Amino acid sequence: MTTEDKIISGAADSLLSFWKDVTVEEEEREIEEERHQSEQQQELRNLLFEGKFAAALALSLTLNMPYKCLTVAEKILQLEDGTSQLRSLVENLHLDQIDILLEYVATWNTNSKHTITAQTVLFCHTQQQQAQ
């Protein structure tokens, strides 16, 4: 028996298998995920443009975008009181976000171009930990 999206098959072992074609649903789900990802990436670009670094840092961590997170950290450090702003942002991160950030820091620290930023983020985190 077949229909447009369902098939029933049988074999010599007397078992019937019911199959349903979910290709359309999977494609729609993938398209929706891509659209959502694009919207969040645009939101991240807008936050960076507007100078809303706290939200941009949190969103880049959520989107799992280490290079964007590095860019946000570098832009914060370019500000007059960048280190203190970065310290306050790191203090307000959730534990899972801190774990992700420290993984990024380990990666950034392997590239000499990003060592200063990585070490500064690490310094901000360790200062916050010592204060507690």
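Residues numbered from 1 in each chain as written. Predicted model: local features only at pLDDT ≥ 70, side-chain atom pairs only at ≥ 80, totals over all residues. Heavy atoms only, no water.

Asker: Where do I start with the overall build of the protein chain in this structure?
Answerer: Looking only at helices and strands, the protein chain features six helices and two strands. Listed N to C, the secondary structure of the protein chain is β-β-α-α-α-α-α-α in terms of helices and strands. Taken over C-alpha atoms, the radius of gyration comes to 23 Å for the protein chain, far larger than the 14 Å a tight globule of 132 residues would show. By principal-axis analysis of the C-alpha atoms, the protein chain measures approximately 75 × 35 × 30 Å. Residue pairs at least 24 apart in sequence account for 41% of intrachain contacts in the protein chain once pairs closer than 6 positions are excluded. Accessible surface for the protein chain amounts to roughly 9,200 Å². Of this, 52% is attributable to carbon and sulfur atoms. (Helix = DSSP H or I, 4+ residues; strand = E, 2+ residues; numbered from the N terminus. Rg over C-alpha atoms; globule rule 2.2 N^0.38 Å. Contact = heavy atoms within 4.5 Å. Areas by Shrake-Rupley, 256 points an atom, 1.4 Å probe, with all protein chains shown as cover.)

Asker: I would appreciate a short explanation of the pattern of salt bridges in the present structure.
Answerer: Pairing is possible between side chains of opposite charge, provided their charged atoms come close. Overall, the coordinates contain four salt bridges when judged by the stated rule. Among the ionic pairs, R29 bridges to E33, the shortest N-O distance being 3.1 Å. With R29 and E33 both in helix α1 (residues 23-50), this residue pair falls four residues apart, about one helical turn. Residue classification places R29 among the partly exposed residues on the basis of a relative accessible area of 43%. (Salt bridge = Lys/Arg side-chain N within 4 Å of Asp/Glu carboxyl O. Buried < 20%, exposed > 50% of the residue type's maximum accessible area, 1.4 Å probe, protein only.)

Asker: Is there a simple way to think about the nonpolar core in this case?
Answerer: Within soluble globular proteins, side chains that are nonpolar tend to cluster in buried spots. Counting 27 residues, the largest nonpolar core has L57, L61, C69, V72, L101, W108 and V121 as the members making the most contacts within it. When sequence neighbours within four positions are dropped, the list of residues in contact with C69 reads L57, S60, L61, L101, Y104 and W108. (Core = buried A, V, L, I, M, F, W, Y, C linked by side-chain atoms within 4.5 Å.)

Asker: Which parts of the structure should I look at to understand the side chain of H114?
Answerer: Summarising the element assignment, H114 is placed in the loop between α5 (95-108) and α6 (115-131). Contact partners of H114, with chain neighbours within four places excluded, come to L70, E74 and W108.

Asker: Help me understand the packing of aromatic side chains in this model?
Answerer: Geometrically, a pair of aromatic rings is defined through the distance of the ring centres and the angle of the planes. Under the counting rule described, the total for this entry stands at one aromatic pair. Aromatic pair Y104 and W108: ring centres 6.2 Å apart, planes at 40 degrees, arrangement tilted. Of this pair, Y104 and W108 both sit in helix α5, separated by four residues, roughly a single helical turn. A relative accessible area of 6% places Y104 in the buried class. (Phe/Tyr/Trp six-rings, centres within 6.5 Å; stacked < 30°, edge-to-face > 60°.)

Asker: Just checking my understanding: could you explain a negative patch on the surface for this structure?
Answerer: A cluster of like negative charges, contributed by E4, D5, D21, E25, E26, E27, E28, E30 and E34, occupies part of the molecular surface. Its location among the elements puts E28 in helix α1. (Patch = residues over 30% accessible without salt bridge, like charges linked within 9 Å, V, L, I, M, F, W, Y side chains within 5 Å. Lys, Arg positive; Asp, Glu negative; His and termini not counted. Charge placed at Lys NZ, Arg CZ, Asp CG, Glu CD.)

Asker: Before we go on, may I ask you to explain the pairing of strand β1 (residues 6-10) in this structure?
Answerer: Moving residue by residue along a regular strand, the side chains alternate between the two faces of the sheet. Bridge analysis of β1 against strand β2 (residues 16-20) gives five bridges, and the strand direction is antiparallel. Note on β2: the bridge partner recorded for S9 is S17. Counted between consecutive antiparallel strands, the loop separating β1 from β2 contains five residues, among which S14 sits at a positive phi close to 65 degrees. (Pairing = 2+ DSSP bridges.)

Asker: What is the right way to read helix α4 (residues 82-91) from this model?
Answerer: An α-helix turns once every 3.6 residues. As a result, residues three or four positions apart point the same way. Considered for burial, the residues of α4 that qualify are G82, L86, L89 and V90. One face of α4 carries all of its buried residues, which in axial projection span an arc of 95 degrees. (Arc of directions from axis to C-beta.)

Asker: Is there a simple way to explain the environment of Q129 in this structure?
Answerer: Within the element layout of this structure, Q129 appears in helix α6. You can call Q129 partly exposed: its relative accessible area is 39%. With 38 residues separating them in the primary sequence, Q129 and E91 have C-alpha atoms 8.7 Å apart.

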